[in-house]
Amino acid sequence: MSKHIIITGAASGIGKHMAFAMLGKGHRVTLCDINADMLQQHFAEHPRKELINLQTLDVTSVSNWQAVITNSLSAFGDLDYLFNIAGIITPGFIHKTTIQDLDMQMDINAKGMMYGAKLAADLMVEQGHGHIINVASLAGVVSASGIAGYNASKFAVRGFSLAIAEDLASHGVKVTVICPDLVSTP
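Residues numbered from 1 in each chain as written. Predicted model: local features only at pLDDT ≥ 70, side-chain atom pairs only at ≥ 80, totals over all residues. Heavy atoms only, no water.

Draft legend 1. The overall build of the protein chain, seen in detail. Each helix and strand counted, the protein chain has 5 helices and 6 strands in total. Going from N to C terminus, the protein chain has its helices and strands arranged as β-α-β-α-β-α-β-α-β-α-β. In terms of C-alpha radius of gyration, the protein chain reaches 16 Å, essentially the compact-globule figure of 16 Å for 186 residues. Reported as C-alpha extents along the three principal axes, the dimensions of the protein chain are approximately 50 × 40 × 30 Å. Split into buried and exposed, the 186 residues of the protein chain put 42% on the buried side. Considering only intrachain contacts with a sequence separation of at least 6, the fraction spanning at least 24 residues in the protein chain is 64%. For the protein chain, the distance from the average position of its 12 positive side-chain charges to the average position of its 15 negative side-chain charges is 7 Å. (Helix = DSSP H or I, 4+ residues; strand = E, 2+ residues; numbered from the N terminus. Rg over C-alpha atoms; globule rule 2.2 N^0.38 Å. Buried < 20%, exposed > 50% of the residue type's maximum accessible area, 1.4 Å probe, protein only. Contact = heavy atoms within 4.5 Å. Lys, Arg positive; Asp, Glu negative; His and termini not counted. Charge placed at Lys NZ, Arg CZ, Asp CG, Glu CD.)

Draft legend 2. Highlighting the sheet that holds strand β3 (residues 52-56). If you walk across this open sheet you meet the 6 strands as β3-β2-β1-β4-β5-β6, and the pairing is parallel. Two strands in the sheet have a free side with no partner beyond their single neighbour: β3 and β6 (173-178). Neighbour-to-neighbour, the strand axes of the sheet open up by a mean angle of 15°, direction not taken into account. Sheet topology note: the strand β4 (residues 81-84)/strand β5 (residues 130-135) ladder contains 4 bridges and is parallel. Paired with Tyr81 across the bridge in β5 is His131. Against the sheet, helix α4 (residues 99-127) engages β4, β5 and β6, with an angle of about 175° to β4. Contacts from helix α5 (residues 148-168) reach β5 and β6, with the element oriented near 160° to β6. (Pairing = 2+ DSSP bridges. Axes fitted to C-alpha atoms, helices over the stretch in contact; angles between N-to-C directions.)

Draft legend 3. Just the pattern of salt bridges, in detail. Inspection of the entire model under this criterion finds 4 salt bridges. With its nearest N and O atoms 3.7 Å apart, the salt bridge here joins Lys49 to Glu45. With a shortest N-O distance of 2.8 Å, Asp122 and Lys118 are connected by a salt bridge. Taken together, the residues Asp122 and Lys118, both in helix α4 and 4 residues apart, mark about one turn of the helix. Using a relative accessible area of 39% as the deciding quantity, one classes Asp122 as partly exposed. Looking at Lys118, the relative accessible area reads 47%, which means it is partly exposed. (Salt bridge = Lys/Arg side-chain N within 4 Å of Asp/Glu carboxyl O.)

Draft legend 4. Expanded view of a nonpolar patch on the surface. Together, Leu138, Val141 and Val142 line one region of the surface with nonpolar side chains, adding up to about 220 Å² of accessible area. With respect to the helices and strands, Val142 occurs in the loop between β5 and α5. (Patch = residues over 30% accessible without salt bridge, like charges linked within 9 Å, V, L, I, M, F, W, Y side chains within 5 Å. Areas by Shrake-Rupley, 256 points an atom, 1.4 Å probe, with all protein chains shown as cover.)

Draft legend 5. Expanded view of the pairing of β5. In terms of burial, β5 is largely enclosed, as 6 of its 6 residues are buried. Taken together, β4, α4 and β5 constitute a β-α-β crossover, and its handedness is right-handed. The parallel pair β5 and β6, bridged by α5, forms a crossover whose chirality is right-handed. (Right-handed = clockwise from strand over helix to strand, strands pointing away.)

Draft legend 6. Broad picture of the packing of helix α3 (residues 62-76) against α4. Close contact between α3 and α4 brings their axes to 10 Å; oriented N to C, the two are set at 40°. Considered as vectors, α3 and α4 are oriented oblique to each other. Judged by the twist between their axes, the crossing of α3 over α4 is right-handed. On the side of α3, the interface is formed by Val62, Trp65, Gln66, Ile69 and Leu73, while α4 contributes Gly112, Tyr115, Gly116, Leu119, Ala120 and Leu123. Partitioning the contact of α3 with α4 into residue classes produces 8 nonpolar, 3 polar and no charged. (Parallel < 35°, antiparallel > 145°, perpendicular 65-115°, else oblique. Left-handed = near helix turned anticlockwise from the far one by under 90°. Nonpolar A, V, L, I, M, F, W, Y, C, P; charged D, E, K, R; others polar.)

Honestly, it's all geometry; don't read function into it.
Here it is as structure tokens:
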């Protein structure tokens, strides 16, 4: 049976791969990315356009998240899955890292994921079903020199995901956190 899935970071990397995989299985997908041009380039001419809802999303904006969720519900009904994939890394040793780099990684990787998960959780609890899948990183399990800000943001993703899994279990909502190793992505 076709499911409704929101995928963030869908213009490249893991998000793009998941988008094509879910479309290949016949699922209805709301594909989101801050890079609207890349979304259009990859998906506007897809042969299964009726299954695609393209949305520009800045994950750091709660109002953007609210608009995407409202639009996706109008397009495809109940939300079955949220794939929280959008992320960024700005590598550098801490003494060479800027405050802006630290803020950006925490805002996008941790807070952006938390905003989406919170809003999806509200909806999924009301529906009585759903599954939130947050992509962290192996860097959310083991620290590494030269990526302290990224490590912190991905540890946050993992910790938040484990905690909300307990919060939501009795409401029929599942939470999964995935911690992949290095991936070829822009």
